[in-house]
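What follows is each chain in one-letter form.
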Amino acid sequence: LQLTATKAGRRVVREKGTYLILRELHRWEREPDVLAACEKLIQVLIGDEPGPGMENLLEVKVPEEVEQQLQRLDLEEEERWRREQEEREEAQGSTPCPEEPSR
């Protein structure tokens, strides 16, 4: 995401075919935090370019109330991912992931 903070960075990331890689990663990834990061980056890559004065997103001043609202939405999204992950695990039974040691 840091690479997409500037207009030039977004251009380079798009030119390298990052969207296609992220799309494939999103299909098989199960970690909620990774999925959320993929979705956010995909939105940056496929979204409209920010308007004048917002070429460098790290320098944009975000009003405090908007920042609080975005943080709240992030928490809600994180909770939704956790619930969905738990539901998937319950549906699959208690089979451990290949990287997890058997108990």
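This is a predicted model, so every value here is computed, not measured.

*Asks:* Teacher, can you tell me more about the side chain of Glu 77 here?
*Replies:* By secondary structure assignment, the location of Glu 77 is in helix α4 (residues 64-92). Look at Glu 77: it is buried, it has no salt bridge, and the nearest opposite charge is Arg 80 at 4.1 Å.

*Asks:* Could you clarify how one ought to interpret a nonpolar patch on the surface in this entry?
*Replies:* On the surface, a nonpolar cluster with roughly 290 Å² of combined accessible area is contributed by Val 62, Val 66, Leu 70 and Leu 73. Counting through the fold element by element, Leu 70 comes out in helix α4. When its relative accessible area of 45% is taken as the criterion, Leu 70 is described as partly exposed.

*Asks:* Please clarify how the UniProt feature "domain: Protein HGH1 C-terminal" (unreviewed entry) in the chain should be interpreted in this entry.
*Replies:* Look at the UniProt record and you will see "domain: Protein HGH1 C-terminal" (unreviewed entry) annotated at residues 1-52. Along residues 1-52, the helical share is 67% and the strand share 0%, with 20 Å between the first and last C-alpha atoms.

*Asks:* Any chance you could explain the nonpolar core here in plain terms?
*Replies:* Grouped burial of nonpolar side chains is what soluble globular proteins tend to show. Ranked by size, the top nonpolar core spans six residues in total: Val 13, Leu 22, Cys 38, Leu 41, Ile 42 and Leu 45. Element by element, the count of residues in this core is highest for helix α3 (residues 32-46), at four residues. Apart from the residues lying within four places of it in its own chain, the contact partners of Cys 38 are Leu 22, Leu 25 and His 26.

*Asks:* Help me understand α3 in this model?
*Replies:* An α-helical segment advances 3.6 residues per turn. Residues three or four places apart therefore align on the same side. If you check α3, its first and last C-alpha atoms are 21 Å apart, about what 15 residues at 1.5 Å a residue would give, namely 21 Å. By the burial criterion, the buried members of α3 are Pro 32, Leu 35, Ala 36, Cys 38, Leu 41, Ile 42 and Leu 45. For α3, the secondary structure elements touched by its buried residues are α1 (7-15), α2 (18-28) and α4.

*Asks:* Just to check I follow, could you spell out the packing of α2 against α3 for this structure?
*Replies:* Working note: a packed helix pair is described by the angle between its axes plus the distance between those axes. It is the contact of α2 with α3, at a shortest axis distance of 10 Å, that shows an interaxial angle of 150°. It follows that α2 is roughly antiparallel to α3 by the angle criterion. In this structure, α2 meets α3 at a crossing whose hand is left-handed. Along its contact with α2, which presents Thr 18, Tyr 19, Leu 22, Arg 23, Leu 25 and His 26, the element α3 presents Val 34, Leu 35, Cys 38, Glu 39, Leu 41, Ile 42, Leu 45 and Ile 46. Class assignment for the residues of the contact of α2 with α3 results in ten nonpolar, two polar and two charged.

Thresholds, definitions, all that
- Residues numbered from 1 in each chain as written.
- Predicted model: local features only at pLDDT ≥ 70, side-chain atom pairs only at ≥ 80, totals over all residues.
- Heavy atoms only, no water.
- Helix = DSSP H or I, 4+ residues; strand = E, 2+ residues; numbered from the N terminus.
- Buried < 20%, exposed > 50% of the residue type's maximum accessible area, 1.4 Å probe, protein only.
- Lys, Arg positive; Asp, Glu negative; His and termini not counted.
- Salt bridge = Lys/Arg side-chain N within 4 Å of Asp/Glu carboxyl O.
- Patch = residues over 30% accessible without salt bridge, like charges linked within 9 Å, V, L, I, M, F, W, Y side chains within 5 Å.
- Areas by Shrake-Rupley, 256 points an atom, 1.4 Å probe, with all protein chains shown as cover.
- UniProt positions renumbered as here; feature names shortened; annotations may be inferred.
- Core = buried A, V, L, I, M, F, W, Y, C linked by side-chain atoms within 4.5 Å.
- Contact = heavy atoms within 4.5 Å.
- Expected span 1.5 Å × (residues − 1).
- Axes fitted to C-alpha atoms, helices over the stretch in contact; angles between N-to-C directions.
- Parallel < 35°, antiparallel > 145°, perpendicular 65-115°, else oblique.
- Left-handed = near helix turned anticlockwise from the far one by under 90°.
- Nonpolar A, V, L, I, M, F, W, Y, C, P; charged D, E, K, R; others polar.

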